[in-house]
Amino acid sequence: MDNILRIGLVGTGMIGRSHIERINTRLQGAKVVAVSDSAAEFAKKVAQERGCEFFADGEEMIASDSVNAVIVTTIDEYHEQYVMASINAGKYVFVEKPLAFDLAGAKRILDAEIALGKKLVQVGFMRRYDKGYLQLKDYVENKKLGEPLMIHCCHRNPDVPDYYDTPMAVENTMIHEADVLRWLLGENFVSAEVVFPRKTKHASEKLQDPQIMYLTTESGVRIDVEAWVTAQYGYDIRCEVCCEDGTISLPDPNHAPIRANAANSTPLCTSWTQRFPEAYDTELQMWINATKEDRVDGPTSWDGYAAQLITSAASKARDSGTVVEIKMEETPPLFS
Ligand code: ISE
C-alpha cells in the first residue's frame, strides 16, 4: 500500500464533511482525494474547496485507481451499495453506522466478505474509542468491581430532524448502545423489549418519544436504555454499570464549572459532534493505520450485523408489544 492512503468518500453530508476535515487537516497518513454524492452540485463544491477529484458516479470512484480505500457516509439506504462496490474492488471500506439499511442488507455484506475470505469492512461505532467507555471496559473486563449485574443508560438528544420517526429511536439512535454494550460486556443479548412512557409535547406526530429498550444478556445482565431524542436541554449520554462490589459511570465531558448570577453551573454538550470529537479522531486514525497494515482492527461487518440483529429484534418487540428473543448465530470463523 502507498505511503499516503488515498481515500474516496461517498456522501458529502455533515458527517462526511467532518471526516474530510479531520483526515485532511488533523490525522496522519491519509488524504481524502476524491468525493462523490448524489447531490452532485454540492459535492462538486466540496471537492473544489477541499482540493479533491469529483466523481459523478460513486461506484466508478470506488473502482478507480485514484483511490485505494473508501469511506461511506451516505444516507443509510445507500450504505450497502457502496460497501459492496468496495468489497468487489478489494478495497478497505469504513462505513458509518448502521452497516446497511436493514438486517437483510447487513447479512448480504457479511456473506460477501465471508465469500471473499478477507475482512475489508469497518463500521463506524465510534463510542468504542471514547475514553469514558474505555474506562468502563477496563473495569468490566478485569472484573475490578466483580461481575456486572445491571446497566442503566440514557441517550438524550436536544432535538431531531423532521424526518426522524418512531423506529429510528431504536435503529438509528439506540443502535449505538446495542453495539457498545455488547462490546463492553463481551457477551450477546438474548432478549429485547421496548416500552413507551408518556409522550412528550416536543415530539412530532410520527415520533413516539421517549422510549425505553430493555435488553438481557446471556449471563442475565439486565439493561435499560432510555432514548429521549427531543429532550431540549442538551445532548446527554449516560451509562452506569452496576457490579457486585460497586458501580462505575461514564464521566461527563470536561466542562469548567461557572459561577454567575447566583448559580453554580456546568455547561453540557448540545450535539454528538461536540460530545465525541476525540472518539471520531481516534477511530479514523486507527482505521487509517490498520488499513495501511492490510488489516481491520475495529468493529467488523459481523459486529455491524450483530447490532442490527439486536435492533431488528427490538423493533419487532416495539411493534408487537412483546419480549422478543434474540437468536445470535455462531461467530463465523473469519471473525472469531
Ligand atoms: C445519530 O445518527 C448519531 O449517530 C448520534 O451519535 C446519535 O446520538 C443520534 O441519536 C443519532 O441520531
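Above: the structure in question.
Source: prediction; values computed, not measured.

Procedures and definitions
Residues numbered from 1 in each chain as written. Predicted model: local features only at pLDDT ≥ 70, side-chain atom pairs only at ≥ 80, totals over all residues. Heavy atoms only, no water. Helix = DSSP H or I, 4+ residues; strand = E, 2+ residues; numbered from the N terminus. Polar contact = N/O pair within 3.5 Å; in protein donor to acceptor, adjacent residues only side chain to side chain. Contact = heavy atoms within 4.5 Å. Near = heavy atom within 4 Å. Areas by Shrake-Rupley, 256 points an atom, 1.4 Å probe, with all protein chains shown as cover. Nonpolar A, V, L, I, M, F, W, Y, C, P; charged D, E, K, R; others polar. Buried < 20%, exposed > 50% of the residue type's maximum accessible area, 1.4 Å probe, protein only. Salt bridge = Lys/Arg side-chain N within 4 Å of Asp/Glu carboxyl O.

1. Here's the deal with the side chain of Thr230
Considering the arrangement of structural elements, one finds Thr230 in the loop between β10 (222–228) and β11 (236–243). At a separation of 2.6 Å, a polar atom in the side chain of Thr230 contacts the side chain of Asp209. When sequence neighbours within four positions are dropped, the list of residues in contact with Thr230 reads Asn157, Pro158, Asp159, Val160, Thr200, His202, Ala203, Leu207 and Asp209.

2. Structural notes on the site of the ligand
Every residue lining the ligand is accounted for by Lys97, Met126, His155, Asn157, Asn172, Thr173, His176, Tyr235 and Trp272. Between the ligand and Asn157 there is a distance of 3.1 Å, counted from an oxygen atom to a side-chain nitrogen or oxygen. Thr173 has a polar side-chain atom sitting 3.1 Å from an oxygen atom of the ligand. A total of 300 Å² of accessible area belongs to the ligand in isolation, and the protein chains cover 87% of it. The residue makeup of the shell around the ligand, split by class, is three nonpolar, five polar and one charged.

3. A look at helix α4 (residues 79–89)
The α-helix winds at 3.6 residues per turn, so residues separated by three or four positions along the chain end up facing the same way. The buried count for α4 comes to eight of 11 residues, which makes it a mostly enclosed element. Of all the residues in α4, the buried ones are His79, Glu80, Tyr82, Val83, Met84, Ala85, Ser86 and Ile87. Those residues of α4 that are buried are in contact with β1 (5–10), α3 (58–63), β4 (69–72), β5 (92–96), α5 (103–116) and β6 (121–124). Among the residues trailing α4, Gly90 stands out with phi positive, at a value near 70°.

4. Quick word on the pattern of salt bridges
Taken as a whole and judged by the stated rule, the model has 21 salt bridges. Arg127 is paired through a salt bridge with Glu177; the nearest N and O atoms lie 2.9 Å apart. Within this pair, whereas Arg127 is found in the loop between β6 and α6 (131–141), its partner Glu177 is found in helix α8 (residues 175–185), the two being separated by 50 residues in sequence. Given a relative accessible area of 1%, Arg127 falls into the buried group. A salt bridge links Lys137 to Glu141, with the shortest nitrogen-to-oxygen separation between them at 3.0 Å. With a gap of four residues between them, Lys137 and Glu141 both fall in helix α6, about one helical turn apart. Taking relative accessible area as the criterion, Lys137 reaches 14% and is therefore assigned buried. Overlapping salt bridges, with partners in common, bring together Glu21, Arg22, Arg26 and Asp281 in one network.

Remember, this is a structural readout, not a statement about activity or role.
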